[in-house]
Structures are given as structure tokens and as C-alpha cells.
Amino acid sequence: SILFIDTPDETMVSRMTERAKTSGRADDNPETLKKRLATYHEQTFPVTDYYAGTGRVCRVDGTESIDQVYATAKSYFTPRVISVLAAPGAASLGLMDRLGHLGYACINTDELVIEFGSKGTPESRNAVAQLQRGERVSCEVLCPLVLQAIRRVQADGFMQIAITNFPSTVEERDAMESRIACDLKVVFLDSTRTEAVELANLAHRETGQGSQFVMETQVTAIFSKETQDFVADMDKRSKLARVPCSVKSIHPGKAQIIKNIAERVFVDMKKQVLPAATLVLGPPASGRSTFSKSWVARTPNSIHIDAAELLDKELERKTMLGLQMEEMLVKGQVVPARFMVAAVRRVLFATGAAHVVLESLPTSLDQIDSVESGFNVERAFSFDPDGRGLAKCKERNARAKNAKVTDGEFDVAAQRIAAVAAHYATIGRLLSVPLQENSSQADVVEMVASSTRPSFFAVCGAPCTGKTVQCDLLSKKLGFPAITTQIVVQEAFGKGGKLADELQACPDKSSPPYNLVLDALQAFISARSAAAFVLDDMIVDSQQLAMFDDIFGPPMQLVRLHVPDELLEPRASARAGDAGEFDSESFEAQVKDKIAKLDTVDKARWTVVDGCGGTPAEDSDEFVQLHPRRMEAVVQSLKKLLRPKVHAFLLPMVNYDIGRAIGREVCNVGRGSKLIMVDGVARVAERSGKGSAQFPAGSKISLAIWETVLKEAFSSNPLGSYVVVNYFAHEHTGFPTVRDQRDLLESLATVESFVTVGVSKEQIAKHSKLPHAETVQAAAAHSVTRQMLRLECQPYEMNPQSSVLMLPLPPKNEEPLEPPTYADKDCSSFASMAAIVAKDFVAHRLK
């Protein structure tokens, strides 16, 4: 790898000019400085340029402070350590062996202790005895053994390390982190105590491993206060991933239950342990590389890899992989995608980067499986130029000296990339970036940045309304970090740099200027991949709200907790306790000041929530003492505000491509609303391992499957806004009905609109992939379902919330006998149909 401290010439000139005042060096003069910079640009910089697209250049902003430069540089060479915490029965799942196949160096702490026991010392014999009894081996013994093992695998070149059940306590974690620099993450195989015991018994019956007494002792250790406190602390650090590990969803009569559990657990676990990747898709010469470099600068501990350029360099340097590829090319064979994935992973693991911005892979549908098996693809950006923009890309590609495709291959390459983009659109991971002829890179980067910002749920209120308690409860229930001004400012201080210096210069460090708080918040969320954050009292007046809106956009919810004034002072007094430090007058002044600030915010922006959790009784202390039962009632009220928002499209499901085209275009045209497409049938097919063709119109998909699929889809961003297509299966008779599907959707999300799209019977027949008789039946069912929804629900104009939107809209002051349909000329192709539907939807629903 190459560590490149990227510093502008003017900064280097300024620093050396300043150094010349005291250094006494003869070469610290303007003429020599000019020559040294010229030599650097002519001879040194081309080295970084040569390796730029291969991912081997680790860039560090050289304008930052010394401490910040060191911290950033260290992050590229710090090993990523995963502690797999699991109850004893989970050991039989073979997860560590599977992690080994993913490129992790696996350290089994039980094996370390057994090896240590061979020394025959009293200490080693005692450690083995503790292990055999199922007890936790003391930190003084186990920590040095683990550190030795980590250093051994590091010497072998491993930067990705997995350890079984270590650290499992705060003491063990602190002991490890004080002795070795690492990026620690905990993968917790989550289950109840009863489920853990059941899994242990199953493992004992199927594999004969362990005794029941030892396993029960090990289960006790996992559920001990020490381990649970450690898990909670890692959760607060946003360094915990919970993976469900239960026997509940496995049919009791199914053979090899442990094997089936292992398969299911590992599928969920892979998302947490595979390197994170962002794909940059688009036709050749569309500016992908320039954008990728800019995006990496915004993403901490990430690298940019152009897979095509990486392979070219492997061939050019005649590495082992390059020679293998050369042999294939000589034989006329195509280099398989798995070779490309292996090459990218090798570079990624060598640098220790946590995230890769990947270009030129995948370039066709047949490469997607290889990419998905090697990376956790978090999102894909697709550059979609209009007609003139595409022509300009083709022209630039023809002029390029190092063009990767010929002029004749351009159209085919663009079509293949479009098919890849369509795949990621169907599974809700695509952000389409429309390019026009005059689009600048700065505009594109800003457009993508605004579309990928996380959502914010802000909770405010007077002192002692229970804000922090509620934010912590929400964080635990929903998995979003709960943050305060103090948390983000402390992290900014810890990182050093310009922001830390500015914060340090503040007269009142406990209350810095709000612009610096927002800078600290920006740095805090940039270092995390959470889809949403809970803000604890970080917006308290109209001025702060305006500044927040300018940078992050409006919060998804701005909640004001309301507690009667007569309860606030008793709560504050109870919090002060017997110390006698409570000042009633001072507290009353604080309350008035805070309420005055909150009242400056427009009332329409607030969502007021009862912060008591019930009606206070004169003889009850529950409301004063913040009783857990009352706080649970409040958090349930807050959770009702934290549901995904859905626009569900009802289309004739004679061809799933109709829904996909409309869904993608709606997300593209309405990108300001950060819409995410959910292709229902594609999700079912992906989960079942089958293609969408296995679920033709008329297929009966159970509500249980739909519930699982929708929950998984919404889990990517539980506060997001979704466009659901290919869900309403109105072509078949029986259960589930459209009404059943509608009820299920409303139980999982806030349905902002049911959108029914009118397509004529002639166009349904034209686009159908079904036999003629089934197509006629589907067309009739679609018309009947539209009419049913129109009669059951209030029209859009009368009830904007959770209503039916008929597209096209009927003429004003007219009540047609049947819902109208689009003219045939508007639906001559999927593209034309999608364009007009998206335009009408955005105009009438997102206006």
C-alpha cells in the first residue's frame, strides 16, 4: 500500500516558508523550494497516480493537524477484529470455519487455552480446569494468549481477524485495547436464555459435543451482568451487530436442525462481516472515476478501486494473479468475476480499509452473484445520462487514449450496466443520478450527498421531561444511535484537527457556538453508516432549527415532550436527592428560559407527545420517579411516529417489468423525497433463491412470507420512504386477498397512499407475458380491484393521508362509472408509461 499525505502546494509553501525562519537550513529558500515541488510533481506524484485506481493509495488530508493526520493514517493499517459472542450451542454451527473462507484469520480461544495447558504449569492447569467446567477463563491469562495469537496472524499479513467469545467483558476489552491498536466490533448471536439452552441441547444431541452441566454454565456466563454490560456498552459505541440465533423458525420435524440454523444465521452474519461496498455504475466516460474519488474523500476509512484498472496493473506487473489471467486470455477464455472479486478483496484486506467504492464491477448481470458473495453491497449509484448526455459520454470515450471499450462496444456496455442498475433498483439499493449534458461533478456529488443523508428524529422538551430516558429507550428498541451535543463535541475533541482547535478556543466549552456543534455532528455521522439518528435535545429554538435545516434538511420528526409544570419541580427535586443542592428558584428560571426558546419554533413544526405515560394520580409517585412502566408507555407513543412511509402501487401484474420501470422512475423523479423502491416479487424470489419467473401472476404467496419480506425491506431504513411495487396479487382468487395485503402493509408502515394506475385492456394484452385467457382475467381483476379501492377509501382530494390516488386523475367535477385509464399512446413502452406515471405521481402526491 501507498500512504499518500495529500497536501496542496500552497500549504506546503506556507509551511516551509514558516520553517525557514528558524530551521537554519540552506535549502529552505524560494528557489530551492520551487525546484523541489517541480521534482515532486514530475517524479513522485506519478507513482500515486499510477496506483490510484487499484485501491493501494491510502489518502490522508495533509492540511489537518499532526494528530489528525496520524489518526487517519493509522486507521488504514489498523486490523479489524470481530468478537463473535455466542451461547455454547452456537459453536456447533461451524461459523468460524465459514469466516475463514471469507478471508478472516480465526482465533478459537478454547484452543488457545488447551494449547496453553500443555505447558503443565499450575496457572495453565487451572485455566484448562476453568474451561472444562464451562467457566470464564481469567482475563490475566486469556488476554495475553489472544494478543499473541493476533500478532502471529498479523505477521502472516491478515488484517481481518475473528475471535470466539473474546472480549466478552468491559475488563477484557479495555485490557486488549490498551495493548494493541484495533478496530473492534462485536457480532452477538442474539437469543433468549431459554433459546440458548434449547440450542445447546440440540447441539449435544446432534453432535455429542459438551455436557449439559458445562453448557448451562457457559450459557450463564453469556447472560451474566458482566457480558450484558459489555454488549450494551458496545451498542452505545455503535460497534455491535445483533444476529438472530433461534430455533423458532425451523420446523420441528426438519432433519439436521443445527445445519439449517447455521445456514440461516450465516446469511445474516455475512452482512455484518463482509467488507462494505458502494458500487458506482454508469456508461463509459460518464464521470464515474472522478465521482468515486470525490466520494471516497467524504467516506472515512474507505478506498476507491477501479476493478478494470486493477486487473490491468496485475497483468502489467506480472503478479501471480496477472500470470493466471494472462494464461486464460491466451487461451481465449474470459477472466471470471470471482478473480476480480478476489483481487479487490486482497487489496482491501491488505490496507485494512472498512469500505470500498467499487468501479467497473459488476459490468453485467452474470457478475452480480460473485460481487454479492464477496461484499456487503450497501448501495449502488447509477449515473443515468439523458439522450444528449449519453451522446457526450460516447464522444468522450471515443477521444480517450485509454478507453476501456471501443466505440462499437459502447452501446452494448451501456445496456449491460443499465441491466445491473435495474437489478439493484429491484432490491431497493439503487440511487439513480440523472446526468444532463451540462452536469458538473460538483453538482453530482452534492446531489448524491443530499440524497444519502441519514434521517433525524429530534426529541426536545423542558428540563426533567425525561428526554434522555426516552432517547435511550428508542435507541435500544430501534437500533439507532442516540446522541447529544456533549457526545458529538467530545468525539470531535478526541479526533483533533481544525474543529477541535476551534472548539478548544470557545470561552464556554460546555456550550459552543451552534455552527461548531453542527460541524461536530457532521463529522460524527460521517464516521457511521446508520440510516437514522435520535437527537437528544440538540435543537431548542427557531434559529438552531433553521441552521440545522440548511445543512441536513428538516428532521423527519421534531418531537416536543410535554409534562405538566407541577411534575417538573418534584422530578428535579427527586433527582437532586438528599444532597440538599436543589434550588427551586433557579430551576424555575431554567424551565421558563427553555420553554421560551422552544416557543420560538413554529407550532406547525412540532409533534407534541405526552411525556407522562398516563394521567398523573395525586397519590402516585410513578410519574415523579420516571417509573419504567410509564416510560415504556411514552416510548410506545414515540415509536408510532417512527414507522416507514409507503406509497403502494397497484398495477396489472401481467409483467413484473411494468412495476419495476414505474418504481424506478418514481424514485428517480422524486429523489428529493429519498424514495426507496421495494419490488415485492423480486424480494420473495431473492429470499427463496428462485427467479421472479417462478412466481408468475396468479401465484399465491402467503401473508407470512410477505410479512417477512417487507420487514426485511423496511429494516434497511426503518424511517425511510418506500415505493412498493409488484405486491398486490389481485389476479388470483382466494386467500390472501388485496384487502388482506393492504391490512398487512398498514400494520407494518404508515401508508401515505395507495396508487392505482389505469392501463387499458389493450395495453395489458400488449405487455403481458401470460397466455391470452389469463391475461383477460388479469385485466378484469385489475379493473375490479381499482374500483373496489376507489369505493372503500376516500378520494385523494378529500383525505390526503393514507388515501387512494387514482392515476390518471379523473376530470374535475366528474364521477366516471369506471376509473380512467391512460391513453394507449402514453403506454406504448415501459419507458413512456413509467415517465408519465412518475410525473403525475410526483405532481399530485409529492407536491
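Keep in mind it's a predicted model, so treat the numbers as computed, not measured.

S.K.: Give a description of the layout of surface pockets that names residues and reports values.
M.R.: In this structure, the second largest pocket spans a volume of roughly 1500 Å³. Lining of the second largest pocket is provided by 44 residues; of these, A308, S360, T363, K404 and V405 occupy positions nearest its centre. Taken together, the elements giving at least two residues each to the lining of the second largest pocket come down to α13 (288-298), β9 (302-306), α14 (307-317), α15 (320-330), α16 (337-351) and α19 (410-426). Top contributing element to the lining of the second largest pocket by residue count: α14, with six residues. Each residue belonging to the lining of the second largest pocket can be placed in one class, and the counts come to 19 nonpolar, 14 polar and 11 charged.

S.K.: So what's going on with the sheet that holds strand β11 (residues 376-385)? Residues and values would help.
M.R.: Taken in spatial order, the five strands line up as β9-β10-β8-β11-β12 in an open sheet, and their pairing is parallel. Both outer strands of the open sheet, β9 and β12 (430-435), are each paired with one neighbouring strand and no more. Direction aside, neighbouring strands of the sheet carry axes that sit 20° apart on average. Pairing analysis gives five bridges linking β9 to strand β10 (residues 355-359), with the strands arranged parallel. Pairing of S302 across the sheet is with H355, part of β10.

S.K.: Describe the packing of α14 against α16, naming the residues involved and giving the relevant values.
M.R.: Where α14 contacts α16, the axes come no closer than 10 Å and their chain directions differ by 90°. Judged on the interaxial angle alone, α16 and α14 are roughly perpendicular. Between α14, through A307, L310 and L311, and α16, the contact on the second element is made entirely by M340, A343, V344 and V347. Taken together, the residues of the contact of α14 with α16 sort by class into seven nonpolar, no polar and no charged.

S.K.: Any chance you could break down a nonpolar patch on the surface for me, citing the residues and the numbers?
M.R.: Among the surface-exposed residues, L3, I5 and F77 lie close enough to one another that they form a single nonpolar patch of about 260 Å² accessible area. If you trace the backbone, L3 turns up in strand β1 (residues 2-6).

S.K.: Just give me the short version of α16, but keep the residues and values in it.
M.R.: For α16, which comprises 15 residues, the first-to-last C-alpha distance of 22 Å matches the rise-based estimate of 21 Å (1.5 Å per residue) to within 8%. Counting buried positions over the 15 residues of α16 gives 11, a clear majority of the element. Taken as a whole, α16 has its buried residues at A337, F339, M340, V341, A343, V344, R345, V347, L348, F349 and T351. Positive backbone phi, at 80°, marks G352, one or two positions downstream of α16.

S.K.: Account for empty space enclosed by the protein, with residues named and values stated.
M.R.: With a probe scaled to a water molecule rolled over the atoms, the places where space remains empty come into view. Per the stated rule, a full pass over the model turns up two cavities of 30 Å³ or more. Within this model, the second largest cavity holds a volume of roughly 30 Å³. As for the second largest cavity, its lining consists of V197, A200, N201, Q212, M215, E216 and V219. Every element with two or more residues in the lining of the second largest cavity is listed here: α9 (193-207) and α10 (212-222).

Calculation criteria
- Residues numbered from 1 in each chain as written.
- Predicted model: local features only at pLDDT ≥ 70, side-chain atom pairs only at ≥ 80, totals over all residues.
- Heavy atoms only, no water.
- 1 Å grid on protein atoms, 1.4 Å probe; cavity = no way out; pocket = protein on both sides within 12 Å on 5 of 7 lines; lining within 4 Å.
- Points joined across faces, edges and corners; volume = space filled by probe spheres on them.
- Helix = DSSP H or I, 4+ residues; strand = E, 2+ residues; numbered from the N terminus.
- Nonpolar A, V, L, I, M, F, W, Y, C, P; charged D, E, K, R; others polar.
- Pairing = 2+ DSSP bridges.
- Axes fitted to C-alpha atoms, helices over the stretch in contact; angles between N-to-C directions.
- Parallel < 35°, antiparallel > 145°, perpendicular 65-115°, else oblique.
- Contact = heavy atoms within 4.5 Å.
- Patch = residues over 30% accessible without salt bridge, like charges linked within 9 Å, V, L, I, M, F, W, Y side chains within 5 Å.
- Areas by Shrake-Rupley, 256 points an atom, 1.4 Å probe, with all protein chains shown as cover.
- Salt bridge = Lys/Arg side-chain N within 4 Å of Asp/Glu carboxyl O.
- Expected span 1.5 Å × (residues − 1).
- Buried < 20%, exposed > 50% of the residue type's maximum accessible area, 1.4 Å probe, protein only.

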